[in-house]
Amino acid sequence: MIEIRLDETAQIPLYRQIADQVKQLIATNRLQPGEHLPTVRQLANSLHINPGTVVRAYLELEQERVVVSRRGGGTIVLARASDPTLLMLHQRRLSNMVSSHIVEALSLGYTPEELEATFHLHLDRWREERQDTAGLRRDQDKGKRSNTILIVGSHDLALNLLVSQVKHRNPEINVEVMYAGSLGGLIALQEERADLAGIHLLDEETGEYNYPYIKHILPGWEMVVVHLAHRTQGLMFARGNPKQVKSLEDLRRPDVTFINRQKGSGTRVLLDLKLRHHGVLPSEVTGYEREVDTHLAVATSIARGDADVGLGIEAAARSCDLDFLPLFQERYDLVIPAANFKKRLLKPLLEIVASEDFRALVSNIGGYDASQSGATTYCSYNN
């Protein structure tokens, strides 16, 4: 039986709530093409509602060509048609939907840059929901192709936006991103398994970001550090802050469930450092051992009710309609061996990250300061 929750106090009609939640289950791959929906009687009984409400919801879905009902065969999630004529109609429908929403947003005074940034933000969120990890764990040999840029490092929405821009403007270039954490990115450079790394690592001793780690992990290397953006890290929780989380000290409360980032990520390094400063032991944090690989995975876990709170970036909280308590400002940099920096392959990426258009897009995501994006520093540390 599919999981659907109804809110009888909401202004949205019950049949519409059912239809919307079925579409969300399909969008997140929890309902697959060809799968049967529950019968009208089954769903009505499980939700304790009139069967007519379910019938109306299924009719809505059928009219929108989300499902198809067959006599004696039940209601089935519609598969993508292979017939060329139907495919053309399918694409036309998508184009009309997107165009309609663009016109509506522009008429309300939103700028094209705001639309583009918001689109990418929510597309990233739904990729995360669908567990679309294809391309994150590619065969290493594929990453060595002459037209492929392989980025290893910490998850970041501005980085995702940069990758999308490079792909859109230069379709001949393949860009692959592996989220292995900031430390994983630097180690990948050390082992020559990446073209560049994306990192945000706070050094406890100096209070400086990134450079102390480059010095420690890549001594003797000539490196180029290209600034991507400053961003806001903080605590994410459901709208209204139902557990009344006010600071990191609240993570030790037994009624608060945490969702953590993986070891080696910059966010995990930051969390452990700040917990020590506040005298909070990891063993006191319920859920500390539960790890996910991205900010969006943290946000979606909270949005689903699997956890109460997590540490992450403001843009991820926005994408999942969560409340956000800002705590820290940090810098995210792209670290590139000097030999790679000079390659023609990276030129389009470097031009985009330093452009005013890109700065405007990143600034519109929310929680980012892109005023120095593209600023470049050369560094080399002796053994």
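(A) Focus on unusual backbone geometry. Of note, the phi angle at Gln244 is positive, near 55 degrees, even though the residue is not glycine. Inspection of the secondary structure puts Gln244 in the loop between β6 (222-237) and β7 (258-261). Given a relative accessible area of 42%, Gln244 falls into the partly exposed group. A positive phi angle, near 60 degrees, is found at Asp321, a position not held by glycine. Along the polypeptide, Asp321 turns up in the loop between α12 (314-319) and β10 (323-337). With relative accessibility at 48%, the residue Asp321 sits in the partly exposed group.

(B) Expanded view of helix α3 (residues 51-63). Helix length check: α3 (13 residues) gives 18 Å between terminal C-alpha atoms against 18 Å at 1.5 Å per residue, within 8%. Those residues of α3 hidden inside the fold are in contact with α1 (14-27), α2 (40-47), β1 (67-70) and β2 (74-77). N-cap assignment for α3: the residue whose side-chain oxygen lies 2.7 Å from the backbone N of Gly52 is Asn50.

(C) Focus on the pairing of strand β4 (residues 174-179). Two elements, strand β3 (residues 148-153) and β4, share 6 bridges in a ladder whose sense is parallel. Along β4, the bridge assignment pairs Leu150 with Glu176. For the handedness criterion, the β-α-β arrangement of β3, helix α7 (residues 157-169) and β4 is classed as right-handed.

(D) Inspection of the pattern of salt bridges at higher detail. Following the criterion strictly, the structure yields 21 salt bridges and no others. Notably, a salt bridge pairs Arg231 with Asp156, separated by 2.4 Å at the nearest N-O pair. Here Asp156 lies in the loop between β3 and α7 and Arg231 lies in strand β6, a separation of 75 residues in the sequence. One salt bridge connects Arg253 with Asp255, and the closest N-O pair in it is separated by 2.9 Å. The exposure class assigned to Arg253 is partly exposed, which follows from its relative accessible area of 24%. On the accessibility criterion, Asp255 (38% relative accessible area) is partly exposed.

Cut-off values and rules
Residues numbered from 1 in each chain as written. Predicted model: local features only at pLDDT ≥ 70, side-chain atom pairs only at ≥ 80, totals over all residues. Heavy atoms only, no water. Helix = DSSP H or I, 4+ residues; strand = E, 2+ residues; numbered from the N terminus. Buried < 20%, exposed > 50% of the residue type's maximum accessible area, 1.4 Å probe, protein only. Expected span 1.5 Å × (residues − 1). Contact = heavy atoms within 4.5 Å. Polar contact = N/O pair within 3.5 Å; in protein donor to acceptor, adjacent residues only side chain to side chain. Pairing = 2+ DSSP bridges. Right-handed = clockwise from strand over helix to strand, strands pointing away. Salt bridge = Lys/Arg side-chain N within 4 Å of Asp/Glu carboxyl O.

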